[in-house]
Amino acid sequence: MNGPRTFGPGAMPDHAGLASAKVRERMVNRVRELGVRDSRVLDAMRVVPRHLFVDEALASRAYEDTPLPIGQGQTISQPYIVARTIELAIEGLRDPQKANVLEVGTGCGYAAAVLAHVVGGVVSIERVRALHERARENLRALRLPNLRLVFGDGSRGVPQAAPYDAIVAAAAGDAIPPAWIEQLKTGGRIVAPVGVDEQQLVVAHKDESGKLIRSGKEAVRFVPLRGGIA
Ligand code: SAH
């Protein structure tokens with residue numbers, strides 16, 4: 001799969017082809033084959049240009065269903081994972097278009113852009129300043145007025161914009177931070193990878209008594225959730 005390519009997007013001499021709906025449609029088909037069915041999520045992935053979020057040298061691989069390096073030892077998540085996480089986050093929401101969602105781990109900003117097409121408002125926090133700034137650059141041209149980027153340690157959530165209907169994390173800690181549960185609305189959802197050596201994508205909601213009820217899990221691999229800023 002990673003060998004030299006003689007046809008397909010990898011062989012394109014410039015990036016003109018990457019802007020086409022066709023390559024994006026292929027990626028969406030792959031994500032659908034893997035089980036993501038929510039048309040709101042699939043539609044958003046059809047319109048967000050993933051190639052604008054990776055280095056020029058990797059742009060020809062932007063629509064493969066694979067994570068790619070974005071610098072600072074971090075990666076842009078695999079498209080399937082972005083889609084699945086967002087699908088799980090909005091599944092239980094009465095009206096996603098009105099939902100206030102926190103994303104922890106902006107990275108290059110791709111998932112934040114997809115989320116912003118699906119929900120009412122997105123706050124996305126990143127702890128590595130260089131990535132936070134890069135995401136701001138990447139997102140400028142997309143003009144998403146309902147997306148706010150924050151620099152800081154997301155393991156404390158973003159209390160200024162709480163409460164949230166959903167919190168999605170793109171980095172795995174050994175447990176769900178208490179701040180996230182505090183900043184979540186009753187009935188709200190958290191979708192987060194949890195675990196150190198073996199990770200699971202935990203899906204949980206907050207019940208009337210403020211307790212977190214776990215409802216699902218799948219094996220995943222994310223970068224680690226780290227404390228502090230860099
Ligand atoms: N959402 C990204 C995925 C980026 S990878 C995408 O669209 O592909 C996860 C990101 O989480 C990394 O950039 C990493 O720096 C960041 N991260 C890790 N711990 C964090 C924390 N405590 N607060 C905020 N961001 C964190």
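About the criteria used
- The numbering scheme is per chain: residues are counted from 1 as the chain's sequence reads.
- The predicted nature of this model means local features are confined to residues of pLDDT at least 70 and side-chain atom pairs, given and counted, to a pLDDT of 80 or more, with totals for whole chains, interfaces and linings taken over all residues.
- Side-chain figures throughout are based on the complete set of non-hydrogen atoms in the structure, without hydrogens or water.
- Working definition: rings of Phe, Tyr and Trp (its six-membered ring) pair if their centres are within 6.5 Å, and the pair is stacked with planes under 30 degrees apart, edge-to-face with planes over 60 apart, and tilted otherwise.
- Helix numbers and strand numbers start at the N terminus; a helix is a DSSP run of H or I with at least 4 residues, a strand a run of E with at least 2.
- Think of it in three bands: with a 1.4 Å probe and only protein chains considered, a residue is buried below 20% of the maximum accessible area for its type, exposed above 50%, and partly exposed in between.
- Charges are assigned to positions over rings by a cutoff of 6 Å between ring centre and Lys NZ or Arg CZ, combined with an angular limit of 35 degrees from the ring normal.
- Whether a residue is near a molecule or strand is decided by its heavy atoms; if any one of them lies within 4 Å of it, the residue is near.
- Definition of a polar contact: a pair of N or O atoms within 3.5 Å, with one able to donate and the other able to accept a hydrogen when the atoms are protein atoms, and with sequence-neighbouring residues admitted only if both atoms are side-chain atoms.
- With a 1 Å grid laid over protein atoms only, a set of points is called a cavity when a 1.4 Å probe fits there but cannot get out and a pocket when it is open yet has protein on both sides within 12 Å along at least five of seven lines; lining residues have an atom within 4 Å of a point.
- Each molecule is checked against the cavity or pocket grid, and it sits inside if more than half of its atoms lie within 2 Å of the grid points.
- Helix axes use the C-alpha atoms of the stretch in contact, all axes being lines fitted to C-alpha atoms, and the angles between their N-to-C directions lie in the range 0 to 180 degrees.
- These descriptions rest on fixed angle ranges, namely under 35 degrees for roughly parallel, over 145 for roughly antiparallel, 65 to 115 for roughly perpendicular, and the rest for oblique.
- Helix crossings fall into two classes, left-handed where the near helix is turned counterclockwise from the far one by less than a right angle and right-handed where it is turned clockwise.
- Contacts are residue-level and defined by heavy atoms, with any inter-residue pair within 4.5 Å sufficient.
- Following the grouping adopted for this structure description, the nonpolar residues are Ala, Val, Leu, Ile, Met, Phe, Trp, Tyr, Cys and Pro, the charged ones are Asp, Glu, Lys and Arg, and the polar ones are all others, Gly among them.
- Two strands are counted as paired when DSSP detects at least two bridges linking them.
- Positive charges come from Lys and Arg alone, negative charges from Asp and Glu alone, with His and the N- and C-terminal ends not counted.
- A pairing counts as a salt bridge when a side-chain nitrogen of Lys or Arg comes within 4 Å of a carboxyl oxygen of Asp or Glu.

**Brief notes about the packing of aromatic side chains**
- A complete count under the given rule lists 1 aromatic pair for this structure.
- On the basis of an interplanar angle of 75 degrees and a centroid distance of 5.7 Å, the ring pair of phenylalanine 53 and tyrosine 110 is categorised as edge-to-face. One end of the pair, phenylalanine 53, is in the loop between α2 (39-47) and β1 (68-71); the other, tyrosine 110, is in helix α4 (residues 110-118), and 57 residues separate them in sequence. For the pair formed by phenylalanine 53 and tyrosine 110, the shared burial category is buried.
- A cation over a ring is seen here: arginine 50 above tyrosine 110, with NZ or CZ 5.6 Å from the ring centre.

**Side note on the site of the ligand**
- Around the ligand, a shell composed of 26 residues is seen, among which Ser77, Ala111, Glu126, Gly154 and Arg226 lie nearest.
- Note that a nitrogen atom of the ligand is positioned 2.9 Å from one of the backbone N or O atoms of glycine 105.
- Between a nitrogen atom of the ligand and a main-chain N or O atom of threonine 106, the distance comes to 3.5 Å.
- The cavity where the ligand resides is the largest pocket.

**Topic: the packing of helix α1 (residues 21-33) against α2**
- For the pair α1 and α2, the least separation of the axes is 9 Å and the interaxial angle reads 155 degrees. On the basis of the axis angle, α1 is roughly antiparallel to α2. α1 and α2 meet at a crossing whose hand is right-handed. Where α1 approaches α2, its residues Arg24, Glu25, Met27, Val28, Val31 and Arg32 are matched on the opposing element by Leu42, Met45, Arg46 and Val47.
- A per-class count over the contact of α1 with α2 returns 6 nonpolar, no polar and 4 charged.

**Thoughts on the pairing of strand β9 (residues 199-206)**
- With respect to burial, β9 is a largely interior element, 6 of its 8 residues being buried.
- Bridge count between strand β8 (residues 184-194) and β9: 6 bridges; the pairing is antiparallel. Paired with arginine 189 across the bridge in β9 is histidine 205.
- Where β8 hands over to β9, the hairpin turn is made up of 4 residues, of which glycine 195 adopts a positive phi near 130 degrees.

**Considering the sheet that holds strand β5 (residues 147-151)**
- Strand order in this open sheet of 7 strands is β5-β4-β3-β6-β8-β9-β10, and the pairing throughout is mixed. The open sheet has two free edges, formed respectively by β5 and β10 (212-220), since each of these has just one partner strand. Between one strand and the next, the sheet's axes are offset by a mean angle of 15 degrees, whatever the strand orientation.
- Taken together, the 8 bridges between β9 and β10 define a ladder with antiparallel strand orientation. The residue bridging alanine 204 from the neighbouring strand is arginine 214, located in β10.
- Across the sheet, helix α3 (residues 79-91) is in contact with β6 (164-169), β8, β9 and β10; its angle to β8 comes to roughly 160 degrees.

**As for the side chain of threonine 85**
- Within the element layout of this structure, threonine 85 appears in helix α3.
- A distance of 2.5 Å separates a polar side-chain atom of threonine 85 from the backbone oxygen of isoleucine 81.
- When sequence neighbours within four positions are dropped, the list of residues in contact with threonine 85 reads Val168, Val191, Leu201 and Phe222.

**Details of the side chain of aspartate 65**
- Here aspartate 65 shows up in the loop between α2 and β1.
- Despite its burial, aspartate 65 pairs with no opposite charge, the nearest such side chain being arginine 30 at 4.2 Å.
- Engagement of the side chain of aspartate 65 in a polar contact is seen with the side chain of glutamine 78, the distance being 2.9 Å.
- A polar side-chain atom of aspartate 65 sits 2.9 Å from the main-chain amide nitrogen of tyrosine 80.

**Observations regarding unusual backbone geometry**
- The amide bond that connects alanine 162 to the next residue, proline 163, takes the cis arrangement and shows omega of 5 degrees.
- Residue placement: proline 163 occurs in the loop between β5 and β6.
- Positive phi is not limited to glycine here, since glutamine 72 has a value of about 60 degrees.
- For glutamine 72, the location among the structural elements is in the loop between β1 and β2 (74-76).

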